[in-house]
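Summary of structural features
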Amino acid sequence: MAAVVPEVVVIGSANMDLVTRAPRFPLPGETVLGSKFTTFTGGKGANQACAIAKLGGRPRFIGKVGNDSFGLQIISSLRQIGVDTANVFAEQDLVTGTAMITVTDSGENTIVVAGGANARVDPDFVNERLSKFEFNTVLMQLETPVSTVQEIIRKKKLAILNPAPASDLPDEIYHGLDWITPNETETHRLTGVRPIDTESCRKAAAWFLQHGVKNVVITLGAKGSFLVNSQIEIHCPTIEVKTIDTTAAGDAFNGALAQFLNEGRDGQNAVMLANRAGALATTKLGAQASLPSRDELRAVSSGLF
Ligand code: ADP
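What comes next concerns the included structure. (Residues numbered from 1 in each chain as written. Predicted model: local features only at pLDDT ≥ 70, side-chain atom pairs only at ≥ 80, totals over all residues. Heavy atoms only, no water.)

Some details on the nonpolar core
A general trend in soluble globular proteins is that nonpolar side chains are found buried together. By size, the foremost hydrophobic cluster in this structure holds 46 residues, and its most contacted members are Phe 61, Trp 179, Leu 257 and Val 271. Residue assignment for this core shows that the elements contributing at least two residues are strand S2 (15–22), helix H1 (44–54), strand S4 (60–66), helix H2 (69–81), strand S13 (233–236), helix H8 (249–262) and helix H9 (267–281). Element by element, the count of residues in this core is highest for H9, at 8 residues. Dropping the residues within four chain positions of it, Trp 179 is found in contact with Ala 159, Ile 160, Leu 161, Val 213, Asn 215, Val 217, Leu 227, Leu 257, Leu 261, Gly 267 and Val 271. Counting 34 residues, the second-largest nonpolar core is a separate cluster that includes Val 121, Val 138, Ile 218 and Leu 220. (Core = buried A, V, L, I, M, F, W, Y, C linked by side-chain atoms within 4.5 Å. Buried < 20%, exposed > 50% of the residue type's maximum accessible area, 1.4 Å probe, protein only. Helix = DSSP H or I, 4+ residues; strand = E, 2+ residues; numbered from the N terminus. Contact = heavy atoms within 4.5 Å.)

Describing the packing of aromatic side chains
Across all of its chains, the model carries 6 aromatic pairs by this definition. Between Phe 133 and Phe 135, the aromatic rings sit 6.3 Å apart at their centres with planes inclined by 70°, giving edge-to-face as the arrangement. On the basis of relative accessible area, Phe 133 is assigned to the buried category, the value being 12%. When its relative accessible area of 6% is taken as the criterion, Phe 135 is described as buried. Measuring from centroid to centroid gives 5.3 Å for Tyr 174 and Trp 207, while their planes differ by 90°, and the two rings are edge-to-face. Residue Tyr 174 is found in helix H5 (residues 171–176), and its partner Trp 207 is found in helix H7 (residues 198–210); the two are separated by 33 residues along the sequence. Here Trp 207 falls in the partly exposed class, since its relative accessible area comes to 23%. One aromatic cluster in this structure is built from Tyr 174, Trp 207 and Phe 208. Residue placement shows Lys 157 over the ring face of Phe 135; its charged tip is 5.1 Å from the ring centre. When the ring centre of Phe 305 is taken as origin, the NZ or CZ atom of Arg 298, which lies over that ring, is 4.7 Å away. (Phe/Tyr/Trp six-rings, centres within 6.5 Å; stacked < 30°, edge-to-face > 60°. Lys NZ or Arg CZ within 6 Å of the ring centre and 35° of its normal.)

Some points on the packing of H8 against H9
With their axes 7 Å apart at the nearest point, H8 and H9 run at an angle of 150° to one another. It follows that H8 is roughly antiparallel to H9 by the angle criterion. Read as a crossing pair, H8 and H9 show a hand that is right-handed. Where H8 abuts H9, its residues Ala 249, Ala 252, Phe 253, Ala 256, Leu 257, Phe 260 and Leu 261 lie against Gly 267, Ala 270, Val 271, Leu 273, Ala 274, Asn 275, Ala 277, Gly 278 and Ala 281. The class makeup of the residues in the contact of H8 with H9 is 13 nonpolar, 3 polar and no charged. (Axes fitted to C-alpha atoms, helices over the stretch in contact; angles between N-to-C directions. Parallel < 35°, antiparallel > 145°, perpendicular 65-115°, else oblique. Left-handed = near helix turned anticlockwise from the far one by under 90°. Nonpolar A, V, L, I, M, F, W, Y, C, P; charged D, E, K, R; others polar.)

What follows is the structure, encoded as C-alpha cells:
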C-alpha cells in the first residue's frame, strides 16, 4: 500500500478585505459618496491555502485572527473551501487583519492593510503547532513575521517562500530555501535586477542561487515564468486566456506549486501546472473565488497530468 503523503502546511496571513467603490479618491479631509461596499476573505496565506484546497489537497493552515466577527467568518469560509483550520487561532486580545481597499470608477485602487493578528504568527506559536503532526512541505509568504520563516527553514523540510510583499531577508533564509517564487516587482526589489528579458531573468535568478536558494521561479504574468536551478534554466510558457482580473494569480501559482511538489511531481512539471493555475485565476473576478479546481486545471493541462 502506498504511504499517505502528509498535506502541505501553509503558514501566513488571513485578512478581511473591505472594498468600496467610489467615483474618485477623496482628497485629504474630504468625504466622497461611494457606490458599493463588499467584503472578501483574503490574505496571501489564506488565499494560497484555498488554492491548494481547490486543487484537491487539504492543507493545514497555520495562522491567527481576532476573536471577532471577521475572524470567525474567515475560519468558517476557509473550512468550507476545504482548508484544515485546526491551527488557525482566534485570539481574544487580537484584531483580525484587514485590507481597506478603495476602487475608483476608472479602475485605480488604494489599499491600507492593518496586519492585526497576522503579526502574532510568531516562531513560538508556529513551533508549538508544528509539534503536533508530520509534514514534508511548507509554503510561506511575508505578510507574517520574517522570524517565523527563519525558524521554519531550520527544520529541513521542503521550504517554499513566496517573498510577497518583498522585504530584505537575512542570508540564512536564502540558504535554507528549496524554492523562491518572486514576481517581477519582488525580483527587482530583492536583487536590484528588473526581469524584462532572458538575460535579466538569468541574472536575477543567479543572484538567488548565489545566495543559496536551490530553485528559483520568477513569475512573469502573461509571459509565464522562468525556472532555474543548478541543472536547468527554462522559460516555462503559460496559456493564453481572457484575463478579467489578475488578483490572486500569484496565490494560485504558489498554492499549485506547493501542492504538486508535495505530490512528488518534478519541479518543471509542477511549475507548468502552476502557470496554468495562475492563468485560470485571471479569468474570474476576485481572489479566493477565482482559484481553479483540479478539474478546471486538468482541462487546460493536456499531457501534464
Ligand atoms: P503576481 O500575481 O504575484 O504578480 P504573476 O502576475 O506573475 O504573479 O502571475 C503568476 C503566474 O500566473 C505567472 O507566472 C503566469 O504563469 C500566470 N499568469 C498571470 N497572469 C497571466 C495572464 N494574464 N495570462 C496567462 N497567465 C498568467
